[in-house]
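# Understanding the architecture of this molecule
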Amino acid sequence: SLALIVFGAPRRSVNLDSVRQAMIRSGLQINQIEPRGNGSSTPTFATSEPSGRRLFVRVIGRDQRDSALLLRLWRSLSLKGVGGGVSATPRRATDREALALGIFGAVAPTPAPVAVTGAADDAALMVSTYVTGDRLADRPDVSDKVLREVCSCVAALQRRRLAHGNLDTSSILVSVRGVTLIDLSRANVDANNAALGADVVELLASLSLLVGVDRAVAAARAELPDDVLERAVPMIQSAVLSKQTRIQKL
């Protein structure tokens, strides 16, 4: 259990044919499928349909579900009010993420859910539209306009009590069309104050490492209401931060 918490679940080899067959059962005709490396233990793929539309596929098996359970349990024990529940099965985990994409997408730019289906070995697939762009964490230069757009999206989510659950710069894509929030596997669509505050703290810490404290705080003050910032103050502690942000901080 401790190994899973620290290092994450092992990456299982996923049979491409099983992914293709699962998508065909959902009425999606695929003419190309390729693995995508995203630095996560969860297998992901990019696919394309005969029409040319590209899709993003996340495969959630029991390893990934168990790892998520342990991580959320650890967070809930180390910090009261943050962590949330975990779906009992991979299929319910994909259902939950697809629901979050639909609700979050009505408030801020996110990929759109396309399909949820079962696969071999009790795994499940969550299919969404493919969004092009660079992860904010990988961009060498970030303009003040982009920073304010990110904070504006978060302000909209906070008004609707929507918590991303892992809101660091690796969960934000930037393209010529603007910013898009991705990786909503830990999202909460009816978040408490602790989870909402944790989102703001994670964002500011991650942005500060990328562009400096002054620019990150200036963008937040320009777009986030005072009550949202005040709500985040009690959550300023290392237990709130994602593993990636803590590593960069060190």
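Structural data are supplied above this passage.
So, here is what we can say about the structure in this document. (Residues numbered from 1 in each chain as written. Predicted model: local features only at pLDDT ≥ 70, side-chain atom pairs only at ≥ 80, totals over all residues. Heavy atoms only, no water.)

Let us look at the pairing of strand β7 (residues 172–175). Summarising the sheet, strand β6 (residues 134–135) and β7 pair through two bridges and their orientation is antiparallel. The partner of D134 across the bridge, within β7, is V174. With four bridges joining them, β7 and strand β8 (residues 178–181) adopt antiparallel strand pairing. When the sheet's bridge partners are listed, S175 is paired in β8 with G178. Between β7 and β8, which follow one another and run antiparallel, lie two residues. (Pairing = 2+ DSSP bridges. Helix = DSSP H or I, 4+ residues; strand = E, 2+ residues; numbered from the N terminus.)

A few words now on unusual backbone geometry. We note that R161 has phi near 60°; this positive angle belongs to a residue other than glycine. For R161, the position within the fold is in the loop between α5 (144–159) and β7. We classify R161 as partly exposed; its relative accessible area is 30%. Non-glycine residue D183 carries a positive phi angle of around 60°. (Buried < 20%, exposed > 50% of the residue type's maximum accessible area, 1.4 Å probe, protein only.)

Applying the stated rule across the entire model yields zero aromatic pairs. Of note, R54 hangs over the ring of Y130, and the distance from its end group to the ring centre comes to 4.2 Å. (Phe/Tyr/Trp six-rings, centres within 6.5 Å; stacked < 30°, edge-to-face > 60°. Lys NZ or Arg CZ within 6 Å of the ring centre and 35° of its normal.)

Relative to the helices and strands, K243 resides in helix α9 (residues 243–249). Distance in space between the C-alpha atoms of K243 and N166 is 9.8 Å, their sequence separation being 77 residues.

Pairing in this open sheet of three strands is antiparallel, and the strands run β6-β7-β8 from one edge to the other. Of all the strands in the sheet, the pair left with one neighbour each is β6 and β8.

On to the sheet that holds strand β1 (residues 32–36), then. One open sheet holds the five strands; their spatial order is β1-β2-β3-β5-β4, and the pairing between them is antiparallel. Of all strands in the sheet, those with a lone pairing partner are β1 and β4 (113–118), marking the two edges. Geometrically, the sheet is characterised by an average inter-axis angle of 25° between neighbouring strands, direction not taken into account. Examined bridge by bridge, β1 and strand β2 (residues 44–48) share five bridges and lie antiparallel to one another. (Axes fitted to C-alpha atoms, helices over the stretch in contact; angles between N-to-C directions.)

Before going further, it helps to spend a moment on the pairing of β4. Where β4 lies against strand β5 (residues 124–129), five bridges are found, and the strand directions are antiparallel. From the neighbouring strand, P113 faces β5, where its bridge partner is S128. Following β4, the chain reverses through five residues before pairing antiparallel with β5; D121 in that reversal takes a positive phi of roughly 60°.

At a minimum axis separation of 8 Å, α5 and helix α7 (residues 213–223) run at an interaxial angle of 50°. Between α5 and α7, the angle is such that the two are oblique. Relative to α7, α5 is oriented so that their crossing is right-handed. On the side of α5, the interface is formed by D144, L147, R148, C151, S152 and A155, while α7 contributes R215, A219, A220, A222 and E223. A class-by-class count of the residues in the contact of α5 with α7 yields six nonpolar, one polar and four charged. (Parallel < 35°, antiparallel > 145°, perpendicular 65-115°, else oblique. Left-handed = near helix turned anticlockwise from the far one by under 90°. Contact = heavy atoms within 4.5 Å. Nonpolar A, V, L, I, M, F, W, Y, C, P; charged D, E, K, R; others polar.)

Below, the discussion takes up the layout of surface pockets. Taken as a whole, the second largest pocket encloses approximately 380 Å³ of empty space. Contributing elements (two or more residues each) for the lining of the second largest pocket: β3 (54–60), α4 (90–105) and β5. (1 Å grid on protein atoms, 1.4 Å probe; cavity = no way out; pocket = protein on both sides within 12 Å on 5 of 7 lines; lining within 4 Å. Points joined across faces, edges and corners; volume = space filled by probe spheres on them.)

One covalent bond between the sulfur atoms of two cysteine residues makes up a disulfide. In total, this model carries zero disulfides according to the counting rule given. Unpaired in this structure, C153 has its nearest cysteine sulfur neighbour in C151, at a distance of 9.3 Å. (Disulfide = S-S within 2.5 Å.)

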